[in-house]
Amino acid sequence: MNRKHLPLHPLAAALALTLTAPAHAGIAADAGDPHREAIRLDALIVTATPLQQSVEDLARPAEVLAGEALDAHKSNSLGETLSRLTGVQSSAFGPGVGRPVIRGLDGARVQVLANGLPALDASTVSADHANSIEPFLADQIEVLKGPATLLYGSGAIGGAVNVVDGRIPQRVPDTDSGLSGRAELRGNTVSDERTGMLRLDGGGGNFAFNASLLSRETDDFRIPVPAEAGHHFDDGHGHGERLENSAIRTKAASFGASLIGERGFIGASYSFFDTLYGVPGHAHGHDDDHDDHDHDHDHHDEHEEDVRIDLRQKRVDVRGALYQPFAGHESLSFRLARNDYEHVELEDDEIGTVFANKGTEGRIEAVHAELGGWRGAYGLQYGRRDFSAEGEEAFVPPSLSRDLGLFLLEERDFGAFKLELGGRLDRVKIDAEDEPTAKFDTASFSLAGKWRAGEDLHVLFGLDRAERAPTAEELYSDGPHLATRSFEIGDEDLDTEVANRIELGLHWHHGRFDAKASAYHTRFSDFIYLADTGEEEDHLPVRQWTQADARFNGIEAEATVRLAENAQGTWDLRLFGDAVRGRLRDGGGDLPRIPAARLGADLRWELGGWRASLGAVRHARQDRVADFEDASAGYTLVDAHLAYHWDVGNVGWEVFLDGTNLTDREARPHTSLLKDLAPLPGRAIAFGIRALF
């Protein structure tokens, strides 16, 4: 099928505001430094929070993936890239789709952001819809665990993921040449991947620009077992077969420019994301009228049509900041994004369904100066989403959603104790075609504290009350939804969902040892979920969006110890694990697709320009399942990484080998709707070269 890719057009100068001062540009400037060192935790600035704090300073649970760790774990999808962080897994709907699952929650409960504003794609509508964000272009990826509703509204009741890529520069490069960047070429044996990327950061005087390009092509990836669970290879000759319809082709690019002065900056960017990916196991069947006696199964002959998704997004971002704007304030900022998103579901190259989303998101934030010992920020956020779907899978009517939110965050130190308070009010309005208008008012409040019990020990606690408004999909669905293989029915009478969370965490760091752990309990009132009714419609099980009280209990822990530091190198051992259980209250049973518990270990080594690691993660069997849901077997994934860095003049070079699933095990994540039809890839060796200048 011939395709015309979107041309890349630079934008003329435009106005923008942001909170981040040049001195707080995070680690983006280090991404192209060939002499960069391991990034310290206290140097990682979480840009998703208005007060621009480091990970160490936050009283709320958060993690940042950056630097060499990000390079080692970058993948085709955002969820897979983050899957080695505690409390985070991937939905794994084929290689083209992997949305983050945070503490057992995903979809409309996890907000995915690009530089602090929503991605504005259609990923929450269906499990086979991808996030329109390219992890390979990221400087750092920030994960806010637990409710992030204070910052980003009801769509972040389960957490938020912010991808920072520096497409709108916030400071002028300080290199002698005025130009820095990175380039990478890589391949992968499991899918015959060919990926190339280039990023440039440049400028001089009070002008700075950023440009990035990425191209990726893969074939169907190899799997160690037959695609369908329970089947076996004949005589062992099938090992290494490929998962049909799992190929990907992606193009992404952006250009941004800023004018930067002593009292602020102003900038804009244009970006596009264009991907064509197959959805394995997601085929539409057409029954013939005769029996097929040549097959072992007693059913009608079906012609299966491969389903692929052709996704295109164009986006304009405008952003900037003014420092010391008026008395009593440190900064005033705004961010604005306009998005034009469309994806076409192709059935054997014929158009089946077209999904479109035109969205606008704006955000104004002000950070006030210290007042009575309190430092804080307040702001206003507005979002507009014009969604439509036309075709065979148009199970949701066209809708116009609008959200207006007002928020306030405050913090204060009381000696060894730090207190954070916050609140947010939102008004959500949804107008759907031929449906009554839905209006919701939500209110969220949070209290978090950090007690520095000693130089080496910090104790954290959090209390949250967060509310989420139902989405158009949950309210108005009515029709066959082939991604979930069900006939979905919405409920116009759904009420707001309320989550009350309590969390206790510890962080101990002493000498060569660093450890942290947390335990949390979240009690949901009117939790919205898709319940199986036991009935059938159009040969599909009928599932109804409904509400019931639920609770989530979970634990997370990780520890790192420096085993040795001598002439033979530096050796570090990391141990980690997490577990979560989600179930309906009052004996209602377990909730579907809750991640299995995990235990993992990584052994890391560095010497001169060399670095290497060997790790394994054990995913337990998941047999605490919902009604009509099958249990998932446990599995162990082994990975290894090797890289060598050297400098030639002002350019740093790296060659690398990254191996995943080295023991070629069958792996079917319980979080995936395709677990019985599409296992994870088999043994994979990624290899390539990077240049950093």
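A quick note: this is a predicted structure, and the numbers were derived from the prediction, not measured. (Residues numbered from 1 in each chain as written. Predicted model: local features only at pLDDT ≥ 70, side-chain atom pairs only at ≥ 80, totals over all residues. Heavy atoms only, no water.)

Undergrad: I'd like a rundown of the overall build of the protein, residues and numbers included.
TA: Of the regular secondary structure elements, the protein holds four helices and 36 strands. Taking as baseline every contact in the protein between residues at least 6 positions apart, the subset at least 24 positions apart corresponds to 66%. Carbon and sulfur atoms make up 54% of the accessible area of the protein, which amounts to about 29000 Å² in all. (Helix = DSSP H or I, 4+ residues; strand = E, 2+ residues; numbered from the N terminus. Contact = heavy atoms within 4.5 Å. Areas by Shrake-Rupley, 256 points an atom, 1.4 Å probe, with all protein chains shown as cover.)

Undergrad: Give me the lowdown on the packing of aromatic side chains, citing residues and values where you can.
TA: All chains considered together, the criterion is met by twelve aromatic pairs. Where Phe209 meets Phe255, the ring centres are 6.3 Å apart and the plane angle is 20°; that geometry is what we call stacked. Taken together, the residues span a long stretch of sequence, with Phe209 in strand E12 (residues 207–218) and Phe255 in strand E13 (residues 248–261) at a distance of 46 residues. Residue classification places Phe255 among the partly exposed positions, given a relative accessible area of 22%. (Phe/Tyr/Trp six-rings, centres within 6.5 Å; stacked < 30°, edge-to-face > 60°. Buried < 20%, exposed > 50% of the residue type's maximum accessible area, 1.4 Å probe, protein only.)

Undergrad: Pulling in residues and values, what's your account of a negative patch on the surface?
TA: Where like charges cluster on the molecular surface, the negative patch consists of Asp478, Glu535, Glu537 and Asp538. Note that Glu535 resides in strand E28 (residues 513–537). Judged by its relative accessible area of 52%, Glu535 falls in the exposed class. (Patch = residues over 30% accessible without salt bridge, like charges linked within 9 Å, V, L, I, M, F, W, Y side chains within 5 Å. Salt bridge = Lys/Arg side-chain N within 4 Å of Asp/Glu carboxyl O. Lys, Arg positive; Asp, Glu negative; His and termini not counted. Charge placed at Lys NZ, Arg CZ, Asp CG, Glu CD.)

Undergrad: I'd like a description of the sheet that holds strand E7 (residues 117–118), backed by residues and values.
TA: Within a sheet, adjacent strands bond to each other through the backbone by hydrogen bonds, running parallel or antiparallel. If you walk across this open sheet you meet the five strands as E3-E8-E9-E6-E7, and the pairing is mixed. Only two strands of the sheet have a single partner each, and these edge strands are strand E3 (62–66) and E7. Both E3 and strand E8 (residues 140–145) contribute to a ladder of five bridges, which runs antiparallel. Bridge pairing in E8 places Glu63 opposite Val143. (Pairing = 2+ DSSP bridges.)

Undergrad: I'd like a description of the pairing of strand E20 (residues 374–391), backed by residues and values.
TA: The pairing of strand E19 (residues 350–371) with E20 spans 17 bridges and is classified as antiparallel. The residue bridging Ala356 from the neighbouring strand is Ser388, located in E20. What sits between the antiparallel neighbours E19 and E20 is a turn of two residues, in which Gly372 has the positive phi angle 60°. Pairing of E20 with strand E21 (residues 399–414), which is carried by 13 bridges, proceeds in the antiparallel orientation. In the sheet register, Gly383 faces E21, and the bridge partner there is Asp403.

Undergrad: Help me get a handle on empty space enclosed by the protein, residues and values and all.
TA: Overall, the coordinates contain eleven cavities of 30 Å³ or more when judged by the stated rule. Estimated volume of the largest cavity: approximately 1000 Å³. As for the largest cavity, its lining consists of 49 residues, and the residues nearest its centre are Ser75, Glu80, Ser83, Thr660 and Pro681. Residue assignment for the lining of the largest cavity shows that the elements contributing at least two residues are helix H1 (67–73), strand E4 (88–90), strand E10 (179–188), strand E33 (610–619), strand E34 (635–648), strand E35 (651–660) and strand E36 (684–692). If one sorts the elements of the lining of the largest cavity by residue count, E34 sits on top with five residues. Here the lining of the largest cavity is composed, by residue class, of 20 nonpolar, 19 polar and ten charged. (1 Å grid on protein atoms, 1.4 Å probe; cavity = no way out; pocket = protein on both sides within 12 Å on 5 of 7 lines; lining within 4 Å. Points joined across faces, edges and corners; volume = space filled by probe spheres on them. Nonpolar A, V, L, I, M, F, W, Y, C, P; charged D, E, K, R; others polar.)

Undergrad: A description of the pairing of strand E30 (residues 569–584) should follow, citing residues and the corresponding values.
TA: Successive residues of a regular strand alternate their side chains across the two faces of the sheet. Across 16 bridges, strand E29 (residues 540–566) lies against E30 in antiparallel orientation. Directly across from Ile555, in E30, lies its bridge partner Ala579. Turn length for the E29-E30 hairpin, with the two strands adjacent in sequence and antiparallel, is two residues. Across two bridges, the pairing between E30 and strand E31 (residues 589–590) is antiparallel.

Undergrad: Please set out the pattern of salt bridges residue by residue, giving values where relevant.
TA: Within this structure, the stated rule accounts for 56 salt bridges. Across the pair Arg402 and Asp431 runs a salt bridge whose closest N-O atoms are separated by 2.3 Å. Remark: Asp431 occurs in strand E22 (residues 417–432) and Arg402 occurs in strand E21; sequence separation between them is 29 residues. Relative accessible area serves as the criterion here: at 25%, Arg402 is assigned to the partly exposed category. Counted as one network, the salt bridges with shared partners bring together Glu68, Asp71, Lys74, Arg182, Glu184, Arg186, Arg611, Glu654 and Arg690.

Undergrad: Give a description of the nonpolar core that names residues and reports values.
TA: Core analysis: the biggest nonpolar cluster contains 30 residues, and Phe93, Val125, Leu214, Tyr277, Leu311 and Phe387 have the highest contact counts within it. Elements represented by at least two residues in this core include exactly E13, strand E14 (264–278), strand E17 (307–323) and E20. For Tyr277, the contacting residues outside a window of four places in its chain are Gly96, Val97, Asp128, His129, Ala130, Ala247, Ile248, Arg308 and Ile309. (Core = buried A, V, L, I, M, F, W, Y, C linked by side-chain atoms within 4.5 Å.)

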